[in-house]
Amino acid sequence: MLAAAGVALMCLPVSAQQIADGSFEQGSGTSFSASWTTSGQAYRMTNTPLSGAYSAQVNGSTNAATSVNTSRLFQAVAVATGRTFEVTGYVRHNTGSALAASNSAYLRLEYVDSSGAVLTNANSVRFFRTSASNRYVYLNTGGLIAPAGTVTARTVLVMEQVSNATGQVYFDNINLRLAEPIIEAFSNYSAGATLDTLNRGSGWTNAWTESNSGSYTINASSLPAASGYPSTGGDKVLVSLY
């Protein structure tokens, strides 16, 4: 529980999974479920999963015509403009097939409009050949606000192969999740109380006004009464935080 300006904040668990089959347990053989689309070389494999029985193996596309070849595995879901999401997940490479030279892997979040154009994107840090072998490493893109015109958020797993260098990676437990505080319930608000938050602006309804960077002020006539909460004992706001 967090407190700010006399208001008690009760936190919910991290926001639920937004994409389907983030651990690749669905599908048939080396083919992914219909939720995922591949570009280049990506396969559903039983090699070293983090959880369950499968992981996503992604190789370079071995196209000698270009200096950088990219293989992708991606999935798009509908999202609302103005919401903040992030992509999280795990990646590894194994001794004997580890990334070589300047090859790398990373996660990407893309916001796409109705024409299919990418409006904005965010990448995680890159996983390189120098990264530890035989264990999973956590990656995340960080929160990114969906700009005006956004129709879908696309979760992308990327492996870049440079000059046909060898190596492959495995992704598992991929998640697209809300990365913002969300008001769930409230009672006995006090006009003028100020709440500090992590996201400095995104996620709150217009029942709140921003008083300064990282803070929100409750409007005197904005919040209706909430059922199921005591009428005494101070101001309470129930939020979920990433």
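Residues numbered from 1 in each chain as written. Predicted model: local features only at pLDDT ≥ 70, side-chain atom pairs only at ≥ 80, totals over all residues. Heavy atoms only, no water.

Caption draft 1: Seen up close, the packing of aromatic side chains. Scanning the model with the defined rule gives 3 aromatic pairs in all. Centroid distance Phe-24 to Phe-32: 5.7 Å. Interplanar angle 70°. Geometry classified as edge-to-face. A ring pair is formed by Phe-24 and Trp-36, whose centres lie 5.3 Å apart and whose planes are at 45°; its orientation type is tilted. Linking Phe-24 in the loop between strand S2 (7-12) and strand S3 (37-39) with Trp-36 in the loop between S2 and S3, this pair joins segments that are 12 residues apart in sequence. Residue Phe-24 is classed as buried on the basis of its relative accessible area of 0%. Residue classification places Trp-36 among the buried positions, given a relative accessible area of 6%. (Phe/Tyr/Trp six-rings, centres within 6.5 Å; stacked < 30°, edge-to-face > 60°. Helix = DSSP H or I, 4+ residues; strand = E, 2+ residues; numbered from the N terminus. Buried < 20%, exposed > 50% of the residue type's maximum accessible area, 1.4 Å probe, protein only.)

Caption draft 2: Representation of the side chain of Gln-57 within the structure. Here Gln-57 is to be found in strand S5 (residues 55-59). Accessibility expressed as a relative area gives 7% for Gln-57, which makes it buried. For Gln-57, the side chain forms a polar contact with the side chain of Asn-59, separated by 3.3 Å. At 3.4 Å, the side chain of Gln-57 forms a polar contact with the side chain of Gln-168. If near-sequence neighbours (up to four positions away) are discounted, Gln-57 is found in contact with Gln-41, Ala-42, Tyr-43, Met-45, Asn-47, Gln-168, Val-169 and Tyr-170. (Polar contact = N/O pair within 3.5 Å; in protein donor to acceptor, adjacent residues only side chain to side chain. Contact = heavy atoms within 4.5 Å.)

Caption draft 3: Spotlight on unusual backbone geometry. Phi is positive for Asp-21, which is not a glycine, with a value near 55°. The topology assignment puts Asp-21 in the loop between S2 and S3. Accessibility expressed as a relative area gives 9% for Asp-21, which makes it buried.

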